[in-house]
Amino acid sequence: MVVTKRRSRQYWINTLQGYIFIGPVVLGLIIWTFGPMIASLVISFTDYPLLKSPTWVGLQNYVDIFTRNDELRVVQSLQVTATYAVMALPLGIILSLLAAILLNQKLRGMPVFRTAFYLPTIVPAVASAFMWGWLLQPDFGIINSLLKTLGATNPPRWMAEPESALPTLVLIGAWGIGGSMVIFLAGLQSIPEVLYEAAKIDGANDWQMFWRITLPQLSPTIFFILVTGMIGALQYFSTAFLLTGGTGGPLFATYFYNLNLYDKAFKWLFMGLASAMAWVLFLIIFVLTMITFRSSDAWVFYEVKR
Amino acid sequence: MSAVSESSRLRRTTQASAQEIAAARARRKLRENSRKTILYAVLILGAIIFMCPLYWMLITSVKTNAEAYLYPPTLWPQAIKLINYPDAWNYEGMQFMRWTLQTIFITVTVMVGVLFTSSMCAYGFARLRFPGRNFWFIATLASTMLPAQVTLIPLYIVFFKIGWLDTYNPLIIPAWFGGGAINIFLLRQFFMGIPEELEDAALIDGAGRFRIWWSIFMPLSIPAVLTVAIFTFQGVWNDFYGPLVYISSQDNYTLALGINLFKGIYGAQTQYLMAVSTLMTIPMIVLFFVAQRYFIRGIVLTGINR
């Protein structure tokens, strides 16, 4: 015999109350996330020039993405994005970790230095892009002027040459390491001092302590910054758009995936193709995140909870 | 063995080692001092590298156009032309006043929406017990993995159909639905730390859940609420992608779009471009110095606890 438990009046009142409180986010997830997600998947199987009605084309958009590189340049823009990520991620992690270690020393005046290292991250993208464009102006810019003073006869032409444009964006990105630096700093400060004291008694030097204590203890932080940095790098957009006037130039050297997607959606109005591109990006992010999570067992050290 | 010889031997060794200790202490002090000198040198160099671009933006903004393009560049302006600021602000064909007011309007309405709904949802997740709570909480957190581009195109199509393009609705209204997973998470963490006795006492006194949320939890969580407010302000003020996609007519531009337009048309007026870029940066810098604690805490909280 099945016993059906009658829920009390209070149970239903509590449930109703709970859903009133989290109502905004429940509705938000349905209206702004899950609904559009399904719609986007459906649209990605159609040919949908915004002003006409969509027609079903099956997997054609996905095939086009990977085969019609001469016109659509999707594979090319994927390569640009991947190259950027491969350069920017390790550089960003190493630099922000070094900066954090430097700023974690017990010296007078440290708050001033911390502020100086952090301040660039609050500068609006528009301002920082145009500021850097001016600093790196090949003919009148201060940086090339300094390089010439130091004896460089042929300084790089930065954003003006296809070969140097992408590394230039990596460099500009390195200016904004303050965010991950602060996270590393918090990570460093949460390492128990006892570990270092014990190591010192055992005769360990600074170098050994860095490799045997600091790095393993920081590995969860490194993991977090790696995952968020990867997701961020794959969605890179603003600085490249602003500095190239949206073209991703010169010669498509900085034609990032999201620049391409923006063009396809809002200039060409290829809504089907752009949706397919968005799903490809999502899948890439998802797979890479999963791989990173899987690999984390091997290198991320978690304290056993007591 | 007599006690006398014992104590004299002890005295001799103490004297000898006292000298050694003094020498070792001097060596250590020297090493410590040189370590400090090197650290300060690196810190100062780093701070200069991070601050110089901003200095250059500021300096260029008060030069004449001729001096801005002078080669080699002048490190300090020949004459400080503060008039550049009003000149840039009132540049013909530009509407910086209007764009600034519009940006403020969007920022404030988004901020109110985010604070109101994210704290409400956070209270629901932190303190109410009802079926489905964990499912929706995990769904909220999982939604941060999704690249914005996946939902962008269907939303754009819907906004197009209902006539919301080139209005602020697409920028403001979604913020009123929970205000972002990270904000909900941050506030929920904070709310969970508030003692339950306070709540029980209020319930016994006959206060409703809304009353408890608004009159007890909100005032007690001012640090967390300010953190959310600051990050929202920063995000909306600096946002370029959202307005770029949804706003098309110049009358409706935000400051970020306006500066990009100025660069597109009058890019050669570098001193004015730097002046408006500086003007857009100043509110962020002021905000940073007023609320530095919350800034750093916010990054640490969003970074570590995820």
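Note that residues are indexed from 1 along each chain, following the sequence as it is written. Each chain gets a letter, beginning with A, and each ligand a number, beginning with 1, in the order they are written. Where local features are concerned, this predicted model is filtered to residues with pLDDT of at least 70; where side-chain atom pairs are given and counted, the filter is 80 or more; whole-chain, interface and lining totals use all residues. The basis for the side-chain values is all heavy atoms of the structure; hydrogens and waters are excluded.

### With respect to the packing of aromatic side chains
Phase 1 of the analysis: Two aromatic rings from Phe, Tyr or Trp, using only the six-membered ring of Trp, form a pair when their centres are within 6.5 Å; if the ring planes differ by under 30 degrees the pair is stacked, by over 60 it is edge-to-face, and anything between is tilted. A full pass over the atoms with the stated rule returns 58 aromatic pairs over all chains.
Phase 2 of the analysis: Relative to Trp299 of chain A, the ring of Phe223 of chain A has its centre 6.0 Å away and its plane inclined at 65°; by these criteria the two rings are edge-to-face. You can see Phe223 of chain A sitting in helix α12 (residues 206–234) and its partner Trp299 of chain A sitting in helix α15 (residues 271–299), a full 76 residues away along the chain.
Phase 3 of the analysis: Using a relative accessible area of 33% as the deciding quantity, one classes Trp299 of chain A as partly exposed.
Phase 4 of the analysis: Ring centres of Phe116 of chain B and Trp214 of chain B lie 6.0 Å apart, and the angle between their planes is 65°; on these two criteria the pair is classed as edge-to-face. Here Trp214 of chain B lies in helix α10 (residues 209–220) and Phe116 of chain B lies in helix α4 (residues 96–127), a separation of 98 residues in the sequence.
Phase 5 of the analysis: Comment: the charge-over-ring label is applied if NZ (Lys) or CZ (Arg) is within 6 Å of the ring centre and within 35 degrees of the ring normal. We note Lys264 of chain A situated over the ring of Trp268 of chain A; from NZ or CZ to the ring centre the distance is 4.2 Å.
Phase 6 of the analysis: The ring of Phe137 of chain B has Arg188 of chain B lying over it, and the distance from NZ or CZ to the ring centre is 4.1 Å. Helix and strand labels come from DSSP, where a helix needs a run of H or I of at least four residues and a strand needs a run of E of at least two; each type is numbered from the N terminus. For the exposure calls, accessible area comes from a 1.4 Å probe over protein chains only, and a residue counts as buried if that area is under 20% of its type's maximum, exposed if over 50%, partly exposed in between.

### Things to note about the nonpolar core
Phase 1 of the analysis: With 187 residues, the main nonpolar core has Tyr84, Leu169 and Phe256 of chain A together with Phe240 and Ile259 of chain B as its most contacted residues.
Phase 2 of the analysis: Throughout, a contact is declared for two residues whenever any of their heavy atoms are within 4.5 Å. The contacts of Phe240 of chain B, once residues within four sequence positions are left out, are Val126, Phe237, Ser238, Phe241 and Leu242 of chain A together with Ala256, Leu257 and Asn260 of chain B. The set of buried Ala, Val, Leu, Ile, Met, Phe, Trp, Tyr and Cys residues whose side-chain atoms join them within 4.5 Å is what this entry labels a nonpolar core.

### Quick word on the interface of chain A and chain B
Phase 1 of the analysis: Contacts between the two partners involve 87 residues from chain A, matched on the other side by 93 residues from chain B.
Phase 2 of the analysis: Defined here as a combined quantity, buried area equals the accessible surface (1.4 Å probe) lost by two parts on assembly, summed across both. When the two sides are added together, the surface that chain A and chain B hide from each other amounts to roughly 8000 Å², 81% of it contributed by carbon and sulfur.
Phase 3 of the analysis: Area buried by chain A at its contact with chain B is led by Phe21, Trp32 and Trp134 of chain A, which between them contribute 12% of it.
Phase 4 of the analysis: Here a salt bridge means any side-chain nitrogen of Lys or Arg lying within 4 Å of a carboxyl oxygen belonging to Asp or Glu. Taken together, chain A and chain B are joined by zero salt bridges.
Phase 5 of the analysis: By residue number, the principal contributor to the side of chain A that touches chain B is helix α2 (residues 23–43) of chain A, which donates 16 residues.
Phase 6 of the analysis: Amino acids are sorted into nonpolar (Ala, Val, Leu, Ile, Met, Phe, Trp, Tyr, Cys and Pro), charged (Asp, Glu, Lys and Arg) and polar (every other residue, Gly among them). A class-by-class count of the residues in the side of chain A that touches chain B yields 65 nonpolar, 19 polar and three charged.

### Focus on the pattern of salt bridges
Side chains carrying opposite charge are able to pair once their charged atoms draw close together.
Phase 1 of the analysis: According to the stated counting rule, one finds seven salt bridges over all chains in the structure shown.
Phase 2 of the analysis: Two residues, Arg68 of chain A and Glu71 of chain A, come together in a salt bridge whose shortest N-O distance is 2.7 Å.
Phase 3 of the analysis: For Arg68 of chain A, a relative accessible area of 33% translates into the label partly exposed.
Phase 4 of the analysis: Look at Glu71 of chain A and you get partly exposed, because its relative accessible area is 46%.
Phase 5 of the analysis: The salt bridge partner of Arg127 of chain B is Glu199 of chain B, with a shortest N-O separation of 2.6 Å.

### Re the side chain of Ser164 of chain A
Phase 1 of the analysis: Tracing the backbone through its elements, the reader meets Ser164 of chain A in helix α9 (residues 162–174).
Phase 2 of the analysis: Not counting residues within four places of it along the chain, the set of residues in contact with Ser164 of chain A comprises Arg157 and Trp158 of chain A.

### Here's the deal with the domain arrangement of chain A
Residue and element names in this part refer to chain A.
Phase 1 of the analysis: Here chain A is partitioned into domain 1 (9–43) and domain 2 (62–299).
Phase 2 of the analysis: The gap between the C-alpha centroids of domain 1 and domain 2 is 35 Å.
Phase 3 of the analysis: Contact with domain 1, which involves four residues of that partner, is made by six residues of domain 2.
Phase 4 of the analysis: Roughly 420 Å² is buried in total at the junction of domain 1 and domain 2, and carbon and sulfur atoms are behind 66% of that figure.
Phase 5 of the analysis: Contact with domain 2 buries area across many residues of domain 1, yet Ser40, Leu41 and Ile43 alone supply 78% of it, more than any other trio.
Phase 6 of the analysis: By the criterion applied in these results, polar contacts are pairs of N or O atoms within 3.5 Å in which, for protein atoms, one can donate a hydrogen and the other can accept it, and in which residues neighboring in sequence qualify only through two side-chain atoms. For the interface between domain 1 and domain 2, the tally reads one residue pair in polar contact (both at pLDDT 80 or more).
Phase 7 of the analysis: Taken together, the residues that form the side of domain 1 that touches domain 2 break down as three nonpolar, one polar and no charged. Bear in mind that the domain bounds are from an automatic or database domain assignment.

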